[in-house]
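Coordinate inspection notes
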Amino acid sequence: PQAVASATTVNYCRHELVGIETVVLEHIVLDAEVPNVVRVPITDGAYVIGLNLVGAGWDRANRVLTHHEDMSLPAPFPALQLRPKQGKSQLQELFAGSRAQLEKRKQRGRRASVVEMA
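An account of the accompanying structure is given in this report. (Residues numbered from 1 in each chain as written. Predicted model: local features only at pLDDT ≥ 70, side-chain atom pairs only at ≥ 80, totals over all residues. Heavy atoms only, no water.)

A few words on the environment of V54. Topologically, V54 is positioned in the loop between strand 3 (52-53) and strand 4 (56-59). Relative accessible area serves as the criterion here: at 66%, V54 is assigned to the exposed category. In the structure, V54 is positioned 22 residues away from P76 in sequence and 9.0 Å away in space, judged by C-alpha atoms. (Helix = DSSP H or I, 4+ residues; strand = E, 2+ residues; numbered from the N terminus. Buried < 20%, exposed > 50% of the residue type's maximum accessible area, 1.4 Å probe, protein only.)

Okay, here's the thing in structure tokens:
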């Protein structure tokens, strides 16, 4: 899965001539069956087909994870569409807020307790 995400992101960056740090992957859980998904070409992104859930199930009607009754058998997960777009991820926004708190503590002379990530 990581290789698919990386390749999709790098391909988008090369096509759009943007830095990889400015791109995030949006994921969309598709309702359509697998044969119908493959027939619809996409210009950017990738389809991820054939994932299984272990210890959980998927409720198609409510589009949520559910408790799987038989823990020993994997449950099929619907197809995903990975779509790259420019923007900040939720994790980047979280750390941006943490950096702001770190700067406030530095200005007040307090010891910094937040680890800054590059």
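Now, onward.
Under the defined criterion, the tally for this structure stands at 1 aromatic pair. Look at W58 and F77: their rings are 5.0 Å apart centre to centre, the planes differ by 70 degrees, and that puts the pair in the edge-to-face class. Placement of W58 in strand 4 and of F77 in the loop between strand 6 (75-76) and strand 7 (80-86) is noted, with a sequence separation of 19 residues between them. When its relative accessible area of 17% is taken as the criterion, F77 is described as buried. (Phe/Tyr/Trp six-rings, centres within 6.5 Å; stacked < 30°, edge-to-face > 60°.)

Relative to strand 5 (residues 64-67), strand 4 runs antiparallel, the two sharing 4 bridges. When the bridges of strand 5 are listed, G57 appears paired with T66. Taking the residues that link successive antiparallel strands as the turn, the strand 4-strand 5 hairpin has 4 residues, and the phi of R63 there is positive, at about 60 degrees. (Pairing = 2+ DSSP bridges.)

Note that T8 resides in helix 1 (residues 2-16). By relative accessible area, which is 9% here, T8 ends up buried.

Look at helix 1: 21 Å from first C-alpha to last across 15 residues, which is about the 21 Å you get at 1.5 Å a residue. The inward-facing, buried residues of helix 1 abut strand 1 (23-29), strand 2 (46-48) and strand 7. (Expected span 1.5 Å × (residues − 1). Contact = heavy atoms within 4.5 Å.)

As a further point, take the sheet that holds strand 1. Pairing between the strands of a sheet is mediated by backbone hydrogen bonds and can be parallel or antiparallel. Read from one edge of the open sheet, 3 strands run 1-7-2, paired in antiparallel fashion. The open sheet terminates on both sides in strands that have one partner only, identified here as strand 1 and strand 2. Geometrically, the sheet is characterised by an average inter-axis angle of 30 degrees between neighbouring strands, direction not taken into account. Where helix 1 meets the sheet, its contacts fall on strand 1, strand 2 and strand 7, and the angle it forms with strand 7 comes to roughly 40 degrees. (Axes fitted to C-alpha atoms, helices over the stretch in contact; angles between N-to-C directions.)

Inspection of the secondary structure assignment puts Y47 in strand 2. In this structure, the C-alpha to C-alpha distance between Y47 and L82, residues 35 residues apart in sequence, is 6.2 Å.

Attention now goes to the nonpolar core. Within the largest apolar cluster, 8 residues are counted, these being V29, V48, L53, A56, W58, F77, L80 and L82. Listing elements by their share of this core, those giving two or more residues are strand 4 and strand 7. (Core = buried A, V, L, I, M, F, W, Y, C linked by side-chain atoms within 4.5 Å.)

A word on the pattern of salt bridges. If you walk through the whole model with that rule in mind, you get 2 salt bridges. For R83, the salt bridge is made with E26, and the minimal N-O distance between the two is 3.7 Å. Here R83 is found in strand 7, whereas its partner E26 is found in strand 1, with 57 residues between them in sequence. E26 is the salt-bridge partner of K85, the closest N and O atoms lying 3.9 Å from each other. Here K85, found in strand 7, pairs with E26, found in strand 1; they are 59 residues apart in sequence, far enough to count as distant. Given a relative accessible area of 39%, K85 falls into the partly exposed group. By relative accessible area, E26 is classed as partly exposed at 29%. Overlapping salt bridges bring together E26, R83 and K85 as one network. (Salt bridge = Lys/Arg side-chain N within 4 Å of Asp/Glu carboxyl O.)

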